[in-house]
Amino acid sequence: MRIYDVVIIGAGPYGLAGAAHLQTIKGLNLRVFGEPMSFWDRSMPTGMFLRSNWTATQIADPSRSLTLEAYVAASGNHLSAPVPLDGFVQYGQWYQQRAVPDLDRRKIVGVELAPKCFRLKTEDGEAIDTRRLVIAAGIGSFANRPPEFQHLSPALASHTSEHRDLGRFAGRRVLVVGSGQSALESGALMHESGADVEILGRAQEIHWLQGRLSKTLHHRLGKFIRQLLYAPTDVGPAGLSQLMARPDLLRCLPRSLQDRLRKRSVRPAGARWLVDRLQGVPIRLGRSIASATPRGNQVKVQVDDGTERTVDHVLFGTGYRVDVSKYEFLSAQISESIARINGYPILQDGLESSVPGLHFLGAPAVWSFGPLMQFVSGTHYASRAITRQILAEPKPARGKQIIRHGRSLPSV
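Please read these numbers as outputs of a predicted model, since none were measured by experiment.

Peer 1: How should the overall build of the protein chain be read in this particular structure?
Peer 2: Counting its regular elements, the protein chain contains 13 helices and 18 strands. Here the protein chain has a C-alpha radius of gyration of 22 Å; the compact-globule value for 412 residues is 22 Å, and the two agree. By its C-alpha atoms, the protein chain is 70 × 55 × 45 Å across when sized along the principal axes. For the protein chain, with 412 residues in total, the buried portion stands at 49%. When the accessible area of the protein chain is evaluated, it comes to approximately 19700 Å², of which 50% is carbon and sulfur surface. Where the 51 positive side-chain charges of the protein chain centre and where its 35 negative ones centre are 6 Å apart.

Peer 1: Before we go on, may I ask you to explain the environment of Glu198 in this structure?
Peer 2: Along the chain, Glu198 falls in strand E8 (residues 196–201). Contacts of Glu198, omitting those with residues within four sequence positions, involve Arg173, Val174, Leu175, Val176, Pro282, Arg284 and Arg309. Reaching out from Glu198, the side chain makes a polar contact with the side chain of Arg309 at a distance of 2.8 Å.

Peer 1: What is the right way to look at the sheet that holds strand E12 (residues 289–295) in this model?
Peer 2: Adjacent strands of a sheet pair through backbone hydrogen bonds, lying either parallel or antiparallel. The strand order E12-E13-E14 describes an open sheet built from three strands, whose pairing is antiparallel. The sheet is open, and its two borders are formed by E12 and strand E14 (308–311), each paired with just one other strand. Taken over all neighbouring pairs, the strand axes of this sheet differ in orientation by 20° on average, direction set aside. Note: strand E13 (residues 298–303) against E14, four bridges, orientation antiparallel. Looking at E14, one finds that Val299 is bridged to Val311.

Peer 1: It is not clear to me how the pairing of E12 should be interpreted in this structure. Could you clarify?
Peer 2: Along any regular strand the residues' side chains alternate between the sheet's two faces. Where E12 and E13 come together, six bridges link them in antiparallel fashion. Paired with Ser291 across the two strands is Gln302, which belongs to E13.

Peer 1: Quick question: what am I supposed to make of the pattern of salt bridges here?
Peer 2: Oppositely charged side chains may form a pair once their charged atoms are brought near each other. One pass over the full model with this rule turns up 18 salt bridges. One salt bridge connects Glu192 with Arg277, and the closest N-O pair in it is separated by 2.7 Å. Here Glu192, found in helix H5 (residues 181–192), pairs with Arg277, found in the loop between strand E10 (270–271) and strand E11 (283–285); they are 85 residues apart in sequence, far enough to count as distant. Among the residues examined, Glu192 registers a relative accessible area of 45% and is labelled partly exposed. A salt bridge links Asp349 to Arg251, with the nearest nitrogen and oxygen atoms 3.2 Å apart. Pair noted here: Asp349 is in the loop between strand E17 (344–345) and strand E18 (358–360) and Arg251 is in the loop between helix H9 (247–250) and helix H10 (255–265), with a separation of 98 residues, a long-range link.

Peer 1: In this structure, what is going on with the sheet that holds E11? I would like to understand it.
Peer 2: An order of E6-E15-E7-E8-E11 is seen for the five strands of this open sheet, with the pairing classed as parallel. In this open sheet, the two edge strands, each paired with only one partner strand, are strand E6 (157–159) and E11. Ignoring strand direction, the axes of neighbouring strands in this sheet form an average angle of 20°. Lying on the sheet, H5 is in contact with strand E7 (173–177), E8 and strand E15 (313–316); it crosses E8 at an angle near 170°.

Peer 1: Is there a simple way to explain the packing of helix H1 (residues 13–22) against helix H4 (residues 85–99) in this structure?
Peer 2: Helix packing for two helices is described by the angle between their axes and how far apart those axes are. Where H1 contacts H4, the axes come no closer than 10 Å and their chain directions differ by 25°. Put simply, H1 runs roughly parallel to H4. As H1 packs across H4, the resulting crossing turns out to be left-handed. Contacts between H1 and H4 pair Pro13, Leu16, Ala17 and Ala20 from the former with Phe88, Gly92, Tyr95, Gln96 and Ala99 from the latter. Taken together, the residues that form the contact of H1 with H4 break down as seven nonpolar, two polar and no charged.

Peer 1: Whenever I open this one, helix H13 (residues 379–392) confuses me. Can you help?
Peer 2: Quick reminder: α-helices carry 3.6 residues per turn. Residues three or four places apart thus point the same way. Over its 14 residues, H13 runs 20 Å from end to end, which matches the ideal 20 Å to within 8%, given 1.5 Å per residue. Of all the residues in H13, the buried ones are Thr379, Tyr381, Ala382, Ser383, Ala385, Ile386, Thr387, Gln389 and Ile390. Tucked into the core, H13 has its buried residues touching strand E1 (3–9), H1, strand E5 (127–135), H9, E18 and helix H12 (366–369).

Peer 1: What exactly am I supposed to notice about the confidence of the model for the protein chain here?
Peer 2: As a note on interpretation, predicted positions should not be read in detail where pLDDT is low. Looking at the protein chain, pLDDT values average 91 and 92% of them are 70 or higher. The model gives residues 397–412 a pLDDT under 50, and that stretch makes 25 contacts with residues more than four places away or in other chains.

Peer 1: Could you clarify how one ought to interpret the pairing of E1 in this entry?
Peer 2: With respect to burial, E1 is a largely interior element, six of its seven residues being buried. By the bridge criterion, six bridges tie E1 to E5 in an arrangement that is parallel. Looking across to E5, one finds that Ile3 is bridged to Asp129. Each parallel crossover has a hand, and for E1 linked through H1 to strand E2 (residues 30–33) it is right-handed.

Peer 1: Could you clarify how one ought to interpret the nonpolar core in this entry?
Peer 2: A general tendency of soluble globular proteins is for nonpolar side chains to be buried together. Core analysis: the largest hydrophobic core is formed by 96 residues, its most contacted members being Tyr95, Leu351 and Met373. Discounting chain neighbours no more than four positions away, the residues touching Leu351 are Leu358, His359, Phe360, Leu361, Ala365, Phe369, Met373, Tyr381, Ala382 and Ala385.

Procedures and definitions
- In this numbering scheme, every chain counts its residues from 1 along its sequence in written order.
- Where totals are concerned, whole chains, interfaces and linings use all residues; where local detail is concerned, this predicted model gives features only for residues with pLDDT of at least 70, and gives and counts side-chain atom pairs only at 80 or more.
- Side-chain measures here rest on the full set of heavy atoms in the structure, leaving out hydrogens and waters.
- Only DSSP runs of H or I reaching four residues or more are called helices, and only runs of E reaching two or more are called strands; each is numbered from the N terminus.
- Each radius of gyration is computed over the set of C-alpha atoms, and the globule rule expresses the reference value as 2.2 Å times the number of residues to the power 0.38.
- Partly exposed describes any residue whose relative accessible area lies between the buried limit of under 20% and the exposed limit of over 50%, with all areas from a 1.4 Å probe on protein chains only and scaled to the type maximum.
- For accessible areas, the Shrake-Rupley method is used with a probe of radius 1.4 Å. Any residue's cover is judged against the shown protein chains and nothing else.
- Counted charges follow a simple rule, with Lys and Arg positive, Asp and Glu negative, and His plus the chain ends left uncounted.
- Charge coordinates come from a single atom per side chain, which is NZ of Lys, CZ of Arg, CG of Asp or CD of Glu.
- Any two residues whose heavy atoms approach within 4.5 Å are treated as being in contact.
- Definition of a polar contact: a pair of N or O atoms within 3.5 Å, with one able to donate and the other able to accept a hydrogen when the atoms are protein atoms, and with sequence-neighbouring residues admitted only if both atoms are side-chain atoms.
- Any two strands with at least two DSSP bridges between them are considered paired.
- To get an axis, a line is fitted to the C-alpha atoms, and for a helix only the part in contact is used. The angle between two axes follows their N-to-C directions and goes from 0 to 180 degrees.
- Between Lys or Arg on one side and Asp or Glu on the other, a salt bridge is scored when a side-chain nitrogen of the former is within 4 Å of a carboxyl oxygen of the latter.
- Should an angle fall under 35 degrees it is called roughly parallel, over 145 degrees roughly antiparallel, and 65 to 115 degrees roughly perpendicular, with every other angle called oblique.
- Should the near helix be turned counterclockwise from the far one by less than a right angle, the crossing is left-handed, whereas a clockwise turn marks it as right-handed.
- All residues other than Ala, Val, Leu, Ile, Met, Phe, Trp, Tyr, Cys, Pro, Asp, Glu, Lys and Arg, Gly among them, are scored as polar; the first ten of these are nonpolar and the last four charged.
- Here the expected span of a helix is defined as 1.5 Å times the quantity of residues minus one.
- For every residue, the predictor reports its confidence as pLDDT, a number between 0 and 100.
- Crossovers are described as right-handed under a simple rule: with the strands pointing away from the observer, the path leading from the first strand over the helix to the second runs clockwise.
- We call a set of buried residues a nonpolar core when its members are Ala, Val, Leu, Ile, Met, Phe, Trp, Tyr or Cys and they connect through side-chain atoms within 4.5 Å of each other.

See the structure below:
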């Protein structure tokens, strides 16, 4: 059976960027599986915009030729700022056609450890062996639906990732739970589609990005000063943004400080351009749902302030909670072998896990490499880091296979 040097599972921004960079390694036998941009295309509502700025929305490529500007010039499709979701999906698909044209769109349904390699099984039963496996499978498996509401049927309660068209709620009363971008923008889209929307969040206030102070600074400070304060990656507030853009430097700090800085950089927030769109939408903050009871085709909701309301649907804009054991294609043996903390794999150089040769790109790398890894702008660091790791490894002698022996990490 043919054995690959590297297989990538996932064809979103991280999988595509990783593949584009790894293809620059001469003689590397690489294969990539996945549907291009599938999560963005199927699990995010039509009409959404990306919160990140133009620069931070570029998918990394080694030649720096597959930019948003290049896509606009080649396709003739105008993109506004902020970038609309549908436009970003089209850009990602254009990127894939040029950078990874031989993408295998079959689904991987199983990954097991085999002698000297990982053995993958495709949906149609083919077995694929690889020395290294890169998982860039995105966050679709991690949707955070509060467990206390599991008794509600999908017709009465759902997560924002379960809807492509929020217009289906037109004329219905919907309670949105959450105070971050996903909850706020979903509320705005449903309100604009004719739904009766209320937003309920535990936060005491909404943190609006690009507020008055930020705008004032951007007008009054020169370009050079702005570049000192803000990294192009667009993650984190002034000053801290530069540290978040440098994961290797962040990793040198004490763990407790890393955790505090990460929370400060990615706390729930909404883009300021949502403020006007949410005029007329009631937003109750500092509150949580005490109970939710089905009442026929509706839900009776009791809030912790003692108020009640009956709604047609509860929509959870409660984000995602990483737990790599939820990747259903990983065997129990592999899942149990991954050293992790709070669901995040503990990663070393090259974003490699405690299972030698197994790498994670994207959101699962946040605990080890910082919040940059949950944004598109993190593709620049991640793709270069894994490429450096593979380039630094001794190449196998002709006709032989090299088996790596990684450092074992304690269970957490």
